[in-house]
Amino acid sequence: MSEAARPGRARNTTRARPEASSGTRRNSRTVSSVCSSARPSGGPPAAPVACATTEDPGAPRAPSVAGAAVHRREAPLRPNGGAAIRLAHVRKHYPGAAQAAVGDLSLDVPEGEVVVLVGPSGCGKTTVLKMVNRLVEPTAGEIHVLGEDVRSVAAPVLRRRIGYVIQQIGLFPHRTVEANVATVPRLLGWDRRRIRDRVAELVELVGLDPALLQRYPSELSGGQQQRVGVARALAADPPILLMDEPYSAVDPIVRARLQDELLALQRRLHKTIVLVTHDVDEAIKLGDRVAILNVGGVLAQYAPPAELLRAPADDFVAAFLGSERGLKLLSLVTGGQVASIDGPVVDGDVTPGEAAAVMRRFGVDWVGVRAGGRLVGWVADRDLDGRRRVADAPAQPFNAALRPDTTLREALDVLINSRTRLVLANERLDLVDDDHRYLGMLTVDQIAEGLR
Ligand code: ADP
Ligand code: MG
């Protein structure tokens, strides 16, 4: 999926450049920070944005600035079309069970997205996945995969379109890694050379050491086994991937790395992925959309993570999302999604008197200096004495910069550590020539507004 199609996901984009992050050069008088311009809803991502806050020891507090309109990039679900998987009033009542595992579930999985099903143990998540690839037949309702009713497609044909990473990984213990990965291509009767090439490609894709190919699953770490499971599921290059609790068997550090790898993989492969987990933080991190299920396969809410965090549908969802919803949201919203305002910034050719008026208006005793659309730095009020133009005074550089896709969490961190409580937005920072194109400014108020 394209970056543009994955709104609201800060994780999707490159993080702040380490050499320019808020953590660097803290000892300097200025510290730069985050943020960016507003961008139309659903529009393409803005150009890389760099931002800066001054941290002038003498600078007074910045004023509060009324919140501007917040642009949210999450598109509503398309009512028709675009769904790679569609469940319509699906029910599964296992024979002899007291209650239906899934009562009446309707859900569209948009093509090219990661949809996470999350809910308590026994709520029917695995049953849903198994109904999609016909390992379990629904008692009622319809399931469409890539536009076709699954009942009209022979199960082996259907499963060729759907890679499945089963719960507990489930590698064949008596087969080598290579044979495990080659399972589906062999079933499909590919020739040996083609299988060998594909296995080599997959091993590279999932980040496995080719030296592991001749080992058996028991000779691998949990993380390595998980990568083999993903490679096996992707072997025939299915457009759809179902993953059932893929990281439950690995420790938290490996889990975080595998999650990051999945997101990176998805940026390359653009699959439609349905991932099941009971870990809500994993759901928030990985899902373009998250379906929160309650016992009986009841869909409590289905929305992009930021929307869930902003507006949980009911107490069950709120409880499931846990505490610190606002803090979790800070990690999902980027500076680029929050409308910025004009700050205390002037063109270099204005007089000190004009600059002083701007400073007064913003309640600060420094002013940003712009030249040709670039933010060249900032000048302290006291340094303007006796100058003809602002540009004649020595400008201090904004000495670090973050990118437009920097999260509000990082922005806020920088802001908290700056005296001015202002975050300036540049369109672009080229570390070579310091090309800052100034776009605007964020304040704490606007960051808060961005969470609403
Ligand atoms: P989850 O994956 O969310 O933990 P499952 O889909 O595995 O939930 O199970 C949902 C419910 O269906 C549970 O109550 C479970 O015990 C029951 N169940 C699952 N598989 C079967 C089966 N093959 N036969 C009977 N009941 C089952
Ligand atoms: Mg399960």
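Residues numbered from 1 in each chain as written. Chains lettered and ligands numbered in written order. Predicted model: local features only at pLDDT ≥ 70, side-chain atom pairs only at ≥ 80, totals over all residues.

## A closer look at the overall build of the protein chain
Put simply, the rule reads: Working definition: helices are DSSP H or I runs of at least four residues, strands are E runs of at least two. Numbering for both runs from the N terminus. Buried means a residue has 20 or more other C-beta atoms within 10 Å of its own C-beta, exposed means 12 or fewer, and partly exposed covers the counts in between; C-beta atoms are placed from the backbone.
Assigned secondary structure in the protein chain consists of 14 helices and 16 strands. Going through the 452 residues of the protein chain one by one, you find that 47% of them count as buried.

## Focus: the sheet that holds strand β3 (residues 102-110)
Stated precisely, the cut-off is as follows: Note on pairing: DSSP must find at least two bridges between two strands before they are called paired. Any residue pair is listed as a contact if its two C-beta atoms, each placed from the backbone, are within 7 Å. Helix axes are fitted to C-alpha atoms over the stretch in contact, other axes to C-alpha atoms as well, and angles between N-to-C directions run from 0 to 180 degrees.
Taken in spatial order, the four strands make up an open sheet running β3-β2-β5-β6, and their pairing is antiparallel. Each of the sheet's edge strands pairs with one partner strand only, and the pair in question is β3 and β6 (148-149). When strand β5 (residues 140-145) meets β6, the two strands line up antiparallel, connected through two bridges. Paired with His-144 across the two strands is Asp-149, which belongs to β6. The sheet contacts of helix α1 (residues 125-132) involve β2 (83-92), β3 and β5, and relative to β2 the element is tilted by about 120 degrees.

## Quick look at unusual backbone geometry
Even without a glycine there, the phi angle at Leu-146 is positive, about 50 degrees. For Leu-146, the position within the fold is in the loop between β5 and β6.

## Let's talk about the sheet that holds strand β8 (residues 240-244)
Paired through their backbone hydrogen bonds, the strands of a sheet run either parallel or antiparallel. Reading across the sheet, the six strands line up as β7-β8-β9-β4-β10-β11 and stay open at both edges, with mixed pairing between neighbours. A strand with exactly one partner marks an edge of an open sheet, and here the two such strands are β7 (162-165) and β11 (298-303). When strand polarity is set aside, the average angle formed by the axes of neighbouring strands in this sheet is 15 degrees. Both strand β10 (residues 289-294) and β11 contribute to a ladder of five bridges, which runs antiparallel.

## Here we look at helix α6 (residues 222-234)
As a reminder of what qualifies: Here, expected helix span is obtained from the residue count minus one, scaled by 1.5 Å.
With 13 residues, α6 should cover 18 Å at 1.5 Å per step; its first-to-last C-alpha distance of 19 Å lies within 8% of that length. α6 sits mainly inside the fold: twelve of its 13 residues count as buried. Buried residues in α6 make contact with β7, α3 (177-181), α4 (183-187), α5 (192-205), β8 and α7 (252-269).

## Structural notes on the pairing of β5
Looking at chain direction, β2 and β5 are connected through five bridges and run antiparallel. Bridge assignment links Leu-87 to a residue of β5, and that residue is Ile-143. Hairpin connection from β5 to β6: two residues lie between these consecutive antiparallel strands, with Leu-146 at a positive phi of about 50 degrees.

## Quick word on the pairing of strand β4 (residues 114-118)
On any regular strand, side chains alternate: one points to one face of the sheet, the next to the other face. With five of five residues buried, β4 lies mostly within the body of the structure. Taking every second residue as pointing to the same face, both faces of β4 are buried, with Val-114, Val-116 and Val-118 on one and Val-115 and Leu-117 on the other. Pairing analysis gives five bridges linking β4 to strand β9 (residues 272-277), with the strands arranged parallel. Bridging across to β9, Val-114 finds its partner in Ile-273. Here β4 pairs with β10 via four bridges, running parallel. Note on β10: the bridge partner recorded for Leu-117 is Ala-291.

## Re the confidence of the model for the protein chain
As a note on interpretation, predicted positions should not be read in detail where pLDDT is low. Here is the rule we go by: Each residue gets a pLDDT score, which is the predictor's confidence in that residue and runs from 0 to 100.
Mean pLDDT over the protein chain works out to 79, with 76% of the residues at or above the 70 mark. Below pLDDT 50 for its whole length, residues 1-80 participates in 235 contacts with residues either more than four positions away or in separate chains. Across residues 428-433, where pLDDT falls below 50, the model places eleven contacts with residues more than four positions away in sequence or in other chains.

## Observations concerning α7
When the terminal C-alpha atoms of α7 are compared, their 25 Å separation across 18 residues agrees well with the 26 Å that a helix rising 1.5 Å per residue should span. Here the buried face of α7 lies against β4, α6, β9 and α8 (280-286). Looking one or two residues beyond α7, the residue adopting positive phi is His-270, at roughly 55 degrees.

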